[in-house]
Amino acid sequence: MAARLPPLGAIEAFAAAARTQSFTTAARELNLTTSAISRRVAALEAALGVRLFHRLNRALRLTAAGERYLAAIAPAIDALRAAGASLQPSAPGARLTLCVLPSFAALWLLPRLAAFGAAHPTIDLRIATAQRAPEAGRGDIDMAVTIGTGDWPGWSAERLLPMRCRPVCAPRLRLKAPQDLRQHALLGVSQPRGFWRRWCAEAGLPPFRPVRTLRFDGLHLLYEAAAGGLGVALAFDDLVQPYLDDGRLVEPFGTSFVPQESWWLLHRARDARSRGVTAVRRWLKAQAHMSSRA
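Residues numbered from 1 in each chain as written. Predicted model: local features only at pLDDT ≥ 70, side-chain atom pairs only at ≥ 80, totals over all residues. Heavy atoms only, no water.

Draft legend 1. How the structure looks around the overall build of the protein chain. Looking only at helices and strands, the protein chain has ten helices and eleven strands in total. Here the C-alpha coordinates of the protein chain stretch approximately 65 × 45 × 35 Å along the principal axes. Evaluated residue by residue, the protein chain yields a buried proportion of 47% over its 294 residues. Looking at charge distribution, the protein chain has the averaged site of its 38 positive side-chain charges lying 3 Å from that of its 22 negative ones. (Helix = DSSP H or I, 4+ residues; strand = E, 2+ residues; numbered from the N terminus. Buried < 20%, exposed > 50% of the residue type's maximum accessible area, 1.4 Å probe, protein only. Lys, Arg positive; Asp, Glu negative; His and termini not counted. Charge placed at Lys NZ, Arg CZ, Asp CG, Glu CD.)

Printed below as a string of structure tokens:
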């Protein structure tokens, strides 16, 4: 006999809690009480026979079983949403504009946009690019993704992706030890500065004058320059992954550091319950969770 499905409400509660790492935030998203979310997750754990969360002091963390379960059900949840949307072709579609850094658009967002369109066919998501977060008063921008520490007046900010800084270079440079950096150009982005000094300190490498330094306006140009052999770049995790996957770049050392800056998702508090903003927030956060687990 085929195993019975757990209640869909319990699965939805688990997915929301896993994405937000909080029963309270999940409760707000689903318009339920925190205790209702907790009960539904507990019922799901009982039905599956495994613990899905480590319940810490004022925090949640997925267990290994919880991480596997979330990765397995995420495509099914997106498919269910898409199936429901496909039955309402006459429903008015939401239209909104997401403003992102050009490198984030090229390296992370664009390869995933087809999946968003399949999951949310009635939402007209338009992409704008800018080097900095837009002013909250701009009426033509609904949401944004940017780098910083979480303080943008007028915006509600949610951490989207962490950053972990470490050197990458073309394989032909054949770096063996951090001291080899003295023979190569150091590549970076215009903002933020000081990350190379921080990495050298983490690696125990005394201050030195590099052969030369080159700075670029975005991470896309930075990684292309490194792949072309112009020097050694300081990478920012998920955005460099396609270059590492296809072998254009390698990570020669094991030392890295986590800066205060992260990738943040911005939206206005008054729009938090709008259908389009809610859908884009959930989708971006789910994609970010999956990419950080890859």
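Draft legend 2. A look at the packing of helix 5 (residues 102-109) against helix 8 (residues 219-227). Two numbers describe how helix 5 lies on helix 8: the axes approach to 7 Å, and their chain directions differ by 65°. Only Leu219, His220 and Tyr223 of helix 8 make contact with helix 5, whose side of the interface consists of Ser103, Ala106 and Leu107. Class assignment for the residues of the contact of helix 5 with helix 8 results in four nonpolar, two polar and no charged. (Axes fitted to C-alpha atoms, helices over the stretch in contact; angles between N-to-C directions. Contact = heavy atoms within 4.5 Å. Nonpolar A, V, L, I, M, F, W, Y, C, P; charged D, E, K, R; others polar.)

Draft legend 3. Structural context of the nonpolar core. By size, the foremost hydrophobic cluster in this structure holds 60 residues, and its most contacted members are Phe104, Tyr223 and Leu284. Other than its neighbours up to four places away in sequence, Tyr223 contacts Leu107, Leu234, Ala235, Phe236, Leu239, Val240, Tyr243 and Leu249. The next biggest cluster of nonpolar side chains, apart from the first, holds 23 residues, and it includes Ala10, Ile11, Ala26 and Ile37. (Core = buried A, V, L, I, M, F, W, Y, C linked by side-chain atoms within 4.5 Å.)

Draft legend 4. Main features of the packing of aromatic side chains. If you walk through the whole model with that rule in mind, you get twelve aromatic pairs. A centroid spacing of 5.8 Å and a plane angle of 85° characterise the contact between Phe23 and Phe53, whose relative ring orientation is edge-to-face. Within this pair, whereas Phe23 is found in helix 2 (residues 23-30), its partner Phe53 is found in strand 1 (residues 53-56), the two being separated by 30 residues in sequence. In terms of burial, Phe23 and Phe53 fall into one category: buried. Among the aromatic residues, those joined into a cluster by ring pairs are Phe14, Phe23, Phe53 and Tyr69. Between Arg112 and the ring centre of Trp108, over which it is positioned, the NZ or CZ distance is 4.2 Å. Over the ring of Tyr243 we find Arg248; its NZ or CZ atom is 4.0 Å from the centre of that ring. (Phe/Tyr/Trp six-rings, centres within 6.5 Å; stacked < 30°, edge-to-face > 60°. Lys NZ or Arg CZ within 6 Å of the ring centre and 35° of its normal.)

Draft legend 5. Structural view of the sheet that holds strand 10 (residues 232-236). The strand order 7-10-8-9 describes an open sheet built from four strands, whose pairing is mixed. Edge positions in the sheet fall to strand 7 (165-168) and strand 9 (213-216), since each has one partner strand and no second. Strand after strand, the sheet turns through a mean of 35° between neighbouring axes, direction not considered. Direction of pairing for strand 7 relative to strand 10: antiparallel, over a ladder of four bridges. Its bridge partner lying in strand 10, Val168 is registered against Ala233. Where helix 7 (residues 195-202) meets the sheet, its contacts fall on strand 7, strand 8 (186-189) and strand 10, and the angle it forms with strand 10 comes to roughly 90°. Of the strands in this sheet, strand 7, strand 8, strand 9 and strand 10 are in contact with helix 8, which crosses strand 10 at around 140°. (Pairing = 2+ DSSP bridges.)

Draft legend 6. Focus on the packing of helix 1 (residues 8-20) against helix 3 (residues 34-48). At a closest axis distance of 8 Å, the pairing of helix 1 and helix 3 adopts a crossing angle of 110°. Put simply, helix 1 runs roughly perpendicular to helix 3. Of the two elements, helix 1 crosses helix 3, and the hand of that crossing is left-handed. For the pair formed by helix 1 and helix 3, the contact residues are Gly9, Ala10, Ile11, Ala13 and Phe14 on the first element and Ile37, Arg40, Val41 and Leu44 on the second. Grouping the constituent residues of the contact of helix 1 with helix 3 by class yields seven nonpolar, one polar and one charged. (Parallel < 35°, antiparallel > 145°, perpendicular 65-115°, else oblique. Left-handed = near helix turned anticlockwise from the far one by under 90°.)

Draft legend 7. Focus on the sheet that holds strand 6 (residues 156-161). With mixed pairing, five strands are arranged side by side in an open sheet as 4-3-5-11-6. Only two strands of the sheet have a single neighbouring strand rather than two, namely strand 4 (123-129) and strand 6. Direction aside, the axes of adjacent strands within the sheet are offset by 25° on average. Relative to strand 4, strand 3 (residues 94-100) runs parallel, the two being bridged by seven bridges. For Cys99, the partnering residue across the bridge sits in strand 4 and is Ala128. The strands touched by helix 5 within the sheet are strand 3, strand 4, strand 5 (143-148), strand 6 and strand 11 (262-267), with strand 3 carrying the most contacts at an inclination of about 110°.

Draft legend 8. Examining the pairing of strand 10 more closely. A large share of strand 10 lies buried, amounting to five of its five residues. By the alternation rule, side chains of strand 10 split into Val232, Leu234 and Phe236 and Ala233 and Ala235, which are all buried.

Draft legend 9. How the structure looks around helix 3. Given a rise of 1.5 Å per residue, 15 residues ought to cover 21 Å, and the 21 Å separating the end C-alpha atoms of helix 3 matches this to within 8%. Among all positions in helix 3, only Ala36, Ile37, Val41, Leu44 and Glu45 are buried. Phi for Gly49, located one or two positions after helix 3, is positive at around 75°. (Expected span 1.5 Å × (residues − 1).)

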